[in-house]
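Listed below, chain by chain, are the residues.
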Amino acid sequence: MKQKETLLNSAGIDLNQTIEELGDEHLSSSHDTPLREDAFEMDDDLKMELIEKHFKEIMHVLGLDLSDDSLKGTPKRVAKMFIKEVFSGLDPKNKPEAKLFENKFRYNEMLVEKDITFYSHCEHHFVPIYGKAHVAYISNGHVIGLSKINRIVQYFAKRPQVQERLTVQIGNELKAALNTEDVAVILDADHMCVSSRGVRDTSSSTVTSFYSGRFENEDQKRNEFLKYLELPR
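Residues numbered from 1 in each chain as written. Predicted model: local features only at pLDDT ≥ 70, side-chain atom pairs only at ≥ 80, totals over all residues. Heavy atoms only, no water.

Draft legend 1. Geometry of the side chain of Thr180. Residue position: Thr180 is located in the loop between α6 (163-178) and β6 (183-191). Each residue touching Thr180, except ones within four places of it in the same chain, is listed here: Ile138, Asn140 and Lys175. (Helix = DSSP H or I, 4+ residues; strand = E, 2+ residues; numbered from the N terminus. Contact = heavy atoms within 4.5 Å.)

The structure is reproduced here in structure tokens:
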């Protein structure tokens, strides 16, 4: 890391400015969530213990009085929330099992699950991303339980993310789980890193899409999917 910083500085690049720009532009480095090889060698209890300790230090640096009844339990609550809830999608053991069923109805049209609420966190500032996911697929002889689609969305949302990566991860997982190329995903989300800091724009939202198979190659199928999303509730 020091060598990289030296090279950047020798090239006249302000490292702190670069870090800020990368965060504000919501750039991502990979379709896979960046994880160390030893990410899961530590058990959840130890992770929570260490997070509690370090978050207590953060609160101390901020000047908060940890002896106050309202604050003294906060480090433990944050640690539990990080591991058991909002970042639980980092751990492969929490990945939902997608059981397939024979498509006995011989339903050959697209199935659309829309308005799936999801909550995630921006990996650049660790503040919420929240919105709706809309998913469609065309059966390749098998179907999946509807709740499993929601669970797949939630699994990948529950980790530090950028929206583009989240969209691709959901799409690729559905292709693998359903054994079909014919998958479409649209995410429409609000980013607290945009609305609560930086530019502080509270009116914009971000839309990303993933099209594969017939949704990518056939305008009619893609347009049909988009039309379903316009239907009144």
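Draft legend 2. Structural view of the packing of helix α3 (residues 44-61) against helix α4 (residues 74-86). At a minimum axis separation of 8 Å, α3 and α4 run at an interaxial angle of 135 degrees. The pairing of α3 with α4 is recorded here as oblique in orientation. The two elements α3 and α4 meet at a crossing, and its hand is right-handed. Counting all contacts with α3, which are made through Asp44, Lys47, Met48, Ile51, Glu52, Phe55, Lys56 and Met59, the residues of α4 involved are Thr74, Pro75, Lys76, Val78, Ala79, Lys80, Phe82, Ile83 and Lys84. In the contact of α3 with α4, the residues fall into nine nonpolar, one polar and seven charged. (Axes fitted to C-alpha atoms, helices over the stretch in contact; angles between N-to-C directions. Parallel < 35°, antiparallel > 145°, perpendicular 65-115°, else oblique. Left-handed = near helix turned anticlockwise from the far one by under 90°. Nonpolar A, V, L, I, M, F, W, Y, C, P; charged D, E, K, R; others polar.)

Draft legend 3. Representation of the environment of Phe215 within the structure. Along the chain, Phe215 falls in helix α8 (residues 214-217). C-alpha of Phe215 to C-alpha of Met110: the two residues are 105 residues apart in sequence and 10.0 Å apart in space. Non-local contacts of Phe215, meaning those with residues more than four positions away in its chain, are made with Met110, Ala136, Tyr137, Ile138, Asp182, Val183, Ala184, Lys221, Arg222 and Phe225.

Draft legend 4. Molecular detail of the pairing of strand β2 (residues 110-122). Bridging between β2 and strand β3 (residues 128-138) involves 10 bridges; their strand directions are antiparallel. Paired with Thr117 across the strands is Lys132, a residue of β3. Hairpin connection between β2 and β3: a loop of five residues separates the two successive antiparallel strands, and Phe126 in this loop has a positive phi of roughly 60 degrees. Where β2 lies against strand β5 (residues 160-161), two bridges are found, and the strand directions are parallel. The partner of Cys122 across the bridge, within β5, is Gln161. (Pairing = 2+ DSSP bridges.)

Draft legend 5. Here's a closer look at the nonpolar core. The biggest cluster of nonpolar side chains holds 26 residues, and the ones touching the most others in it are Phe118, Ile170, Leu174 and Val185. Breaking this core down by element, the ones donating at least two residues are β2, β3, α5 (146-157), α6, β6 and α7 (192-195). The element that contributes the greatest number of residues to this core is α5, accounting for six residues. With residues up to four places along the chain from it excluded, the contact list for Val185 reads His134, Val135, Thr167, Ile170, Gly171, Leu174, Thr208, Ser209 and Phe210. (Core = buried A, V, L, I, M, F, W, Y, C linked by side-chain atoms within 4.5 Å. Buried < 20%, exposed > 50% of the residue type's maximum accessible area, 1.4 Å probe, protein only.)

Draft legend 6. Quick look at unusual backbone geometry. For Asp115, which is not glycine, the phi dihedral falls at a positive 60 degrees. When its relative accessible area of 24% is taken as the criterion, Asp115 is described as partly exposed. Although it is not a glycine, Phe126 adopts a positive phi angle of roughly 60 degrees. When you line up the elements, Phe126 lands in the loop between β2 and β3. For Phe126, a relative accessible area of 43% gives the class partly exposed.

Draft legend 7. Representation of α3 within the structure. The first and last C-alpha atoms of α3 sit 26 Å apart over 18 residues, in line with the 26 Å expected at 1.5 Å per residue. Listed as buried for α3 are Asp44, Lys47, Met48, Glu52 and Met59. Viewed end-on, α3 has its buried residues packed into an arc of 135 degrees, placing them on one side of the element. More than 90 degrees from the buried face of α3, the exposed residues found are Glu49, Lys53, His60 and Val61. In this structure, the buried side of α3 is in contact with α4. (Expected span 1.5 Å × (residues − 1). Arc of directions from axis to C-beta.)

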